Structure formats: C-alpha cells, structure tokens
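Residue strings, one per chain:
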Amino acid sequence: DKVLGFRPQAERIIEMGGVLRHLGLLRWRKVDLKISPAEMVDHLQSYRPEVLYGNLVHLELIAREIEKRNTPQDGIRLLVPGGEVVTEEHRRRLESALGGRVAVTYGTTEVGTLAFDTPGGKGHRLCEDLIWYEFLDDAGRPVTGDEPCRIITTDLTNEVMPFIRYDHEDRVTLDTRSDDLGLGWRNLRTIDGRLSDAFVLSDGSLFTYLTPAGVIKHYPGVRQFRLVRKAADLVEIQVVGDAGYLAGVRERVLADFRKRSPGFLEFTWAPVEELLPDASGKLKMLVSEVDP
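Residues numbered from 1 in each chain as written. Predicted model: local features only at pLDDT ≥ 70, side-chain atom pairs only at ≥ 80, totals over all residues. Heavy atoms only, no water.

A. Fine view of the sheet that holds strand 5 (residues 78–82). Within the open sheet, the 6 strands sit side by side as 2-3-1-4-5-6. Their pairing is mixed. Edge strands, defined here as strands with exactly one partner in the open sheet, are strand 2 (13–16) and strand 6 (101–102). In terms of strand pairing, strand 1 (residues 3–7) meets strand 4 (residues 51–55) through 3 bridges, oriented parallel. In the sheet register, Val-3 faces strand 4, and the bridge partner there is Val-51. Along the sheet, helix 3 (residues 56–69) makes contact with strand 1, strand 4 and strand 5, crossing strand 4 at roughly 120°. (Pairing = 2+ DSSP bridges. Helix = DSSP H or I, 4+ residues; strand = E, 2+ residues; numbered from the N terminus. Contact = heavy atoms within 4.5 Å. Axes fitted to C-alpha atoms, helices over the stretch in contact; angles between N-to-C directions.)

The following block contains the structure:
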C-alpha cells in the first residue's frame, strides 16, 4: 500500500521505501506538516495513497478542504489520526469525507505506542507485552476500571534509557469488559485527554479539559472548538461549524457550560472559519492569554 503522512520535519518531502519502493512496495511519502490544507489535499490527490496518517487536526482540515472542493477522495483504505483525542464524531466525519476506515492509536514520543484499535474489537488494546501499566487515581491509589484515571507506564524494551513509572499526564478509562480475543490483554474504554490542560481560576480552582469535552460531545455539528481565556474569569468559546447550526445551539451550549462551571465564570461565543494547528502541530483545547 502507498502511505502518505504529514509530520514535522526539516525536509519538505521525504520518499521512503528504498529498493522496495522501486518494486512498487512500501511506497511511503512523508510531507512536512507546515503547509496549508489546500497543499495537503493537492498532495493527497496527486499521490493517491491507500493509507493516510497525521495529527487529527490536519486530517480534519483535509476533510473540510475536500468538502469545499466537492471532489470526493477515493482509494483511501485506512486513516490513522493521532496527536489528539479522537472521538466517535471525529471518526464518523473523517470516514464520511475521506472514505477510509479510521484506526486510532494512542502513544507518546517517550514510550511509543501504548494502545491501538483492533478490527471489531472493544476499546483500544493495550500493548501489555511491551509495557507495564499502572492506573491510579489523583491520590495515587490503584483504579480497577470504569472511572477516569492517570496512566503510568514502565517501558520493558528500551535498553538505552528505560522509562520507569512514567506519568504521561493523560487521563484514560480502563475497560472492565472481558478480553474479546482471549489473550488476557486489557483495553482502554476511552482516552480522555491531557491532565495538564487546565486554567487556574481566580478562586484557585482548576477548570480542566473535561468540562468542554463533556459539553461539546453532545453537539456533533461543532466540527472544531477551542477555549481561550481572555481575562481571569472570562472564557471565549471558539467554534467551527455550519453557521445555521451554530446559531441554533448557541444558547444551549452556553447554558451547558454554565451548569458545569463555577458561577463566577463567564463565557462568550465566537464562531470562526477554522482553527489552525499550534506551532506544535496539534490543536490545544485550552489556551490562556492571561497569567495563571
């Protein structure tokens, strides 16, 4: 299969595969992600890969660009979004626009792949043969499942610099259902996001990513969103979507945010054309323009 990936790199284009590439096997093109969505789609339509991978935000921007052009993409078999939490709504939109099946992988630069989708499986299969996992609550007590918790890992294969009891500062939910393949490997029911994504409010309390994620998941017409802290207790909700849909849900979304937040916190509504990746190549959910 031909593979096209968008990733951070010094070179604009890297062609991988060596001798195999000349035999029509393992044709792998890596493109620097610091290009526009229009250029990404140009690469996609000229290269015509079977597999497409990149950060979630870039795959979403590609999907939107294809919808704008009204030129459906065919030939893609597999989509591999990463870098951010992939919800079922993300999965549905990408599969609808790009035609391939979405496969979610969860990992980090430090340790590598931690969990992955399996065809017809439940949740995300943990790589139990490569990594030792611990799941802890905020007090450091073990959690057996069905509640958000911290994921702690010990790398069993890195002989150069092993990571021992490494805290990824991510929250996940362990799945207590039985192993569907009979291997004794556990699954993650959900990958909930970064523990460090939070605002410190004027009363010293934390406003975390769980609030916006818990609200927006009920509004599938919101394609992208970002919360920007404009003042100590003032947060702007930036949203991308059809103008009519956003106008229709505006008051309900604001009411939901108020119900889930401290009473002194104020919200404003800001529809935008699109949200572009941060310098890191990802789309940070919470951004503060004021000091903590």
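B. Molecular detail of the environment of Glu-128. Its location among the elements puts Glu-128 in the loop between strand 9 (124–126) and strand 10 (131–136). Glu-128 sits 57 residues away from Trp-185 along the chain, and the two C-alpha atoms are 6.1 Å apart. Setting aside chain neighbours within four positions, we find Glu-128 in contact with Tyr-133, Trp-185 and Arg-186. A distance of 2.8 Å separates the side chain of Glu-128 from the side chain of Arg-186, its partner in a polar contact. (Polar contact = N/O pair within 3.5 Å; in protein donor to acceptor, adjacent residues only side chain to side chain.)

C. Spotlight on the packing of aromatic side chains. Applying the stated criterion to the full structure yields 6 aromatic pairs. Measuring from ring centre to ring centre gives 6.5 Å for Trp-28 and Tyr-53, while their planes differ by 70°; the resulting arrangement is edge-to-face. Taken together, the residues span a long stretch of sequence, with Trp-28 in strand 3 (residues 28–32) and Tyr-53 in strand 4 at a distance of 25 residues. For Tyr-53, a relative accessible area of 19% corresponds to the buried category. Consider the rings of Phe-163 and Tyr-166, whose centres lie 5.0 Å apart with planes at 70°: the pair is edge-to-face. (Phe/Tyr/Trp six-rings, centres within 6.5 Å; stacked < 30°, edge-to-face > 60°. Buried < 20%, exposed > 50% of the residue type's maximum accessible area, 1.4 Å probe, protein only.)

D. Inspection of helix 6 (residues 243–259) at higher detail. Here helix 6 is 17 residues long and its end C-alpha atoms lie 24 Å apart, about the 24 Å a rise of 1.5 Å per residue gives. Helix geometry: helix 6 is bent most strongly at Val-249, by close to 50°. With a side-chain oxygen positioned 3.1 Å from the backbone nitrogen of Gly-244, the residue opening helix 6 is Asp-242. (Expected span 1.5 Å × (residues − 1). Bend = angle between axes of the 7 residues up to and from the residue.)

E. Quick peek at the pairing of strand 5. Across 5 bridges, strand 4 lies against strand 5 in parallel orientation. Among the inter-strand pairings, Val-51 is bridged to a residue of strand 5, identified as Leu-78. Regarding the hand of the β-α-β motif, the stretch spanning strand 4, helix 3 and strand 5 is right-handed. Relative to strand 6, strand 5 is paired through 2 bridges, and the arrangement is parallel. (Right-handed = clockwise from strand over helix to strand, strands pointing away.)

F. Molecular detail of a nonpolar patch on the surface. Judged by side-chain polarity, Val-19, Leu-20, Leu-23, Leu-25 and Leu-26 come together as a nonpolar surface patch covering roughly 490 Å² of accessible area. Classification of Leu-26 by relative accessible area gives partly exposed; the value is 45%. (Patch = residues over 30% accessible without salt bridge, like charges linked within 9 Å, V, L, I, M, F, W, Y side chains within 5 Å. Areas by Shrake-Rupley, 256 points an atom, 1.4 Å probe, with all protein chains shown as cover. Salt bridge = Lys/Arg side-chain N within 4 Å of Asp/Glu carboxyl O.)

G. Structural detail: the packing of helix 3 against helix 4 (residues 88–98). At their nearest, the axes of helix 3 and helix 4 sit 9 Å apart, and the two run at 45° to each other. One finds that helix 3 runs oblique with respect to helix 4. The two elements helix 3 and helix 4 cross, and the hand of that crossing is left-handed. Contacts from Leu-56, Leu-59, Glu-60, Ile-62, Ala-63, Ile-66 and Glu-67 in helix 3 reach His-90, Arg-93, Leu-94, Ala-97 and Leu-98 in helix 4. Here the contact of helix 3 with helix 4 is composed, by residue class, of 8 nonpolar, 1 polar and 3 charged. (Parallel < 35°, antiparallel > 145°, perpendicular 65-115°, else oblique. Left-handed = near helix turned anticlockwise from the far one by under 90°. Nonpolar A, V, L, I, M, F, W, Y, C, P; charged D, E, K, R; others polar.)

H. Highlighting the pairing of strand 17 (residues 234–240). With respect to burial, strand 17 is a largely interior element, 6 of its 7 residues being buried. Pairing between strand 16 (residues 224–231) and strand 17: 7 bridges, direction antiparallel. Across the sheet, the residue bridging to Ala-231 is Leu-234, located in strand 17. Between the end of strand 16 and the start of strand 17, which pair antiparallel, lie 2 residues. Pairing geometry for strand 17 and strand 18 (residues 266–271), over 6 bridges, is parallel. Across the sheet, the residue bridging to Gln-238 is Ala-270, located in strand 18. Crossover handedness for the path strand 17 to helix 6 to strand 18: right-handed.

I. How the structure looks around helix 3. Here helix 3 contains 14 residues, and its C-alpha end-to-end distance of 20 Å stays within 8% of the 20 Å for a straight helix at 1.5 Å per residue. Most of helix 3 is tucked away, with 11 of its 14 residues classed as buried. Listed as buried for helix 3 are Leu-56, Val-57, His-58, Leu-59, Glu-60, Leu-61, Ile-62, Ala-63, Arg-64, Glu-65 and Ile-66. Phi turns positive one or two residues past the end of helix 3, at Asn-70, with a value near 55°.

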